[in-house]
Amino acid sequence: MENGGAHAAGHSAAAVEIYPLSRYYFGAKDAFPDKDENPLDRIQRLKSNFASHGLRTCVLGVLLVELFRHPHVLVLQVKNCFFKLPGGRLRPGEQDVDGLKRKLSRMLSLEDCAINDNWQIGECVGMWWRSEFETLPFPYPPPNSRRPKECTKVFLVRLPVSRQFVVPRHLKLLAVPLYQIHDNSEVYGPIISGIPHLLSKFSFNIIDDD
Amino acid sequence: MVGSPMVNLYPLANYTFGTKEPKMEKDTSVSDRLARMKVNYMKEGMRTSVEAILLVQEHRHPHLLLLQIGNTFCKLPGGRLKPGENEIEGLKRKLCSKLAVNSPSFSPNWQVGECVAVWWRPNFETVMYPYCPPHITKPKECKKLFIVHLSEREYFAVPRNLKLLAVPLFELYDNVQRYGPVISTIPQQLSRFQFNLICS
């Protein structure tokens with residue numbers, strides 16, 4: 001992509017390599033039992049966990065591939081309706097990076113365990129806070145000094161030139177272009193639809209040897 | 001994993017705001033502005049502009065400094081780079097022009113930090129995107145937002161025709177109608193920073 005004019009010298013943009021979708025392989029593994037509880041029971045469970053362990057921390061991964069010269073985010077679709085990023089809740093005392101690797105392997109690898117998986121976790125690109133479990137997340141801690149109940153950290157994950165993704169059968173893995181998730185909170189929710197804003201400072205090197 | 005980058009935020013009361021001579025906008029309408037942009041593009045190629053995110057603290061919540069023109073239109077301090085100008089030097093030049101006393105000995109020591117957002121203008125129209133849209137090979141403008149770390153105390157001189165506001169992040173978030181797509185998405189772009197809210 002040319003710019004029609006020289007980029008001014010100075011700050012070099014953080015660069016991210018992305019590879020064509022065709023370099024990746026996709027398979028399926030057995031579904032794991034998703035907690036099929038009703039929303040009210042879930043809120044109750046989260047509240048009692050908060051009483052025992054404090055702030056609930058979730059970690060999510062942004063995995064990028066290239067298609068038609070445009071970055072695409074790997075997004076999981078649950079029950080053919082709602083969308084989520086790979087990731088999930090940290091166990092009490094678990095570090096962000098370890099927890100994210102654990103979740104990525106569980107959702108995207110043949111092995112459920114992360115020990116042999118080579119995930120490259122990059123920088124945190126954004127954070128979201130909830131003041132209650134049933135309310136929307138916001139990109140800042142609650143301004144009224146109330147303790148947040150949940151914090152979600154979004155990390156860039158740097159994919160290698162090729163790898164195999166093995167997805168549990170109850171989830172569908174999609175590659176969605178940035179222009180489709182941009183400003184599309186109705187379909188993807190505030191966290192996924194906000195990803196183009198969190199990634200805008202990066203310059204993407206599309207590595208395509210073909 | 002890299003730890004969250006830190007930013008110190010000082011109370012709004014630590015900063016003094018004086019005035020200086022008016023700095024009028026070069027264009028009186030959106031269509032004039034786009035026409036001038038086209039002329040400049042023919043001469044110099046893609047326009048690169050740089051803008052500053054200046055933050056203070058009030059009631060233990062980060063506030064963004066915005067310049068208000070007239071009764072409603074708000075913008076970040078910044079502007080167009082000269083052809084070949086370094087981004088950081090250009091941003092400092094714009095900050096002095098918009099916010100500093102017109103005297104070299106009283107220039108604030110602007111600490112330009114990292115770039116937090118980049119916006120692209122595909123055509124000579126007002127719409128911009130946080131990525132270069134597919135099939136666009138010749139974008140007309142690239143706008144970069146930088147966080148600028150303020151010192152504990154500072155004296156700003158604001159042009160008489162502009163008002164400097166300190167707006168809380170919760171007021172900007174999702175408020176596209178009032179602040180536009182660039183300013184209303186700054187809270188998400190700042191969410192990864194750890195703010196050290198310093199009270200007086």
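Residues numbered from 1 in each chain as written. Chains lettered and ligands numbered in written order. Predicted model: local features only at pLDDT ≥ 70, side-chain atom pairs only at ≥ 80, totals over all residues. Heavy atoms only, no water.

As annotated in an unreviewed UniProt entry, chain B is Pre-mRNA cleavage factor Im 25 kDa subunit from Ananas comosus. Chain B has a UniProt comment under Sequence similarities (unreviewed entry) that states "Belongs to the Nudix hydrolase family. CPSF5 subfamily." Quoted straight from UniProt, the Subcellular location (unreviewed entry) entry for chain B says "Nucleus". (UniProt positions renumbered as here; feature names shortened; annotations may be inferred.)

Chain A goes by Pre-mRNA cleavage factor Im 25 kDa subunit in an unreviewed UniProt entry, where it is assigned to Ananas comosus. In UniProt, chain A has this text filed under Sequence similarities (unreviewed entry): "Belongs to the Nudix hydrolase family. CPSF5 subfamily." Word for word, the UniProt comment on chain A under Subcellular location (unreviewed entry) is "Nucleus".

Student: Can you walk me through the interface of chain A and chain B in this structure?
Tutor: How big an interface is tends to be stated in terms of the accessible area lost upon association of its parts. Residue-level contacts link 36 residues of chain A with 41 residues of chain B. Overall, the association of chain A and chain B removes approximately 3,200 Å² of surface from exposure, summing both partners, and the carbon and sulfur fraction of that is 63%. The interface formed by chain A and chain B contains 2 salt bridges. On the surface where chain A and chain B come into contact, there are 3 residue pairs in polar contact (both at pLDDT 80 or more). Elements supplying a minimum of two residues to the side of chain A that touches chain B: helix 2 (96-108), strand 7 (120-130), helix 3 (178-181) and helix 5 (195-199) of chain A. A total of 8 residues in the side of chain A that touches chain B trace back to one element, the largest contributor, which is strand 7 of chain A. Class assignment of the residues belonging to the side of chain A that touches chain B gives a composition of 20 nonpolar, 12 polar and 4 charged. (Contact = heavy atoms within 4.5 Å. Buried area = accessible area lost by both parts, 1.4 Å probe. Salt bridge = Lys/Arg side-chain N within 4 Å of Asp/Glu carboxyl O. Polar contact = N/O pair within 3.5 Å; in protein donor to acceptor, adjacent residues only side chain to side chain. Helix = DSSP H or I, 4+ residues; strand = E, 2+ residues; numbered from the N terminus. Nonpolar A, V, L, I, M, F, W, Y, C, P; charged D, E, K, R; others polar.)

Student: Whenever I open this one, the state of the cysteines confuses me. Can you help?
Tutor: Cysteine pairs can be linked by a disulfide, which is a covalent bond between their two sulfur atoms. According to the stated counting rule, one finds 0 disulfides over all chains in the structure shown. In this model Cys 151 of chain A remains outside any disulfide bridge; the closest cysteine sulfur is found in Cys 124 of chain A, 8.1 Å from its own. (Disulfide = S-S within 2.5 Å.)

Student: Looking at this model, I keep getting lost on the layout of surface pockets. Mind explaining?
Tutor: A water-sized probe, rolled over the atoms, reveals where empty space remains. In this structure, the largest pocket encloses a volume near 1,600 Å³. Lining the largest pocket are 43 residues; nearest its centre among them are Arg 42, Arg 56, Phe 82, Lys 84 and Gly 88 of chain A. Of all the secondary structure elements, the ones that give two or more residues to the lining of the largest pocket are helix 1 (39-53), strand 3 (56-67), strand 5 (82-84), strand 6 (87-89), helix 2, strand 8 (150-158) and helix 4 (185-193) of chain A. Here the lining of the largest pocket is built from residues that sort into 21 nonpolar, 6 polar and 16 charged. Space inside the second largest pocket adds up to approximately 1,300 Å³. Residue lining of the second largest pocket: 42 residues in total, with Glu 25, Arg 33, Phe 73, Lys 75 and Lys 143 of chain B positioned closest to the centre. Secondary structure elements with two or more residues in the lining of the second largest pocket: helix 1 (30-44), strand 3 (47-58), strand 5 (73-75), strand 6 (78-80), helix 2 (87-99), strand 8 (141-149) and helix 4 (176-184) of chain B. With 8 residues, the single largest contributor to the lining of the second largest pocket is helix 4 of chain B. A per-class count over the lining of the second largest pocket returns 14 nonpolar, 10 polar and 18 charged. (1 Å grid on protein atoms, 1.4 Å probe; cavity = no way out; pocket = protein on both sides within 12 Å on 5 of 7 lines; lining within 4 Å. Points joined across faces, edges and corners; volume = space filled by probe spheres on them.)

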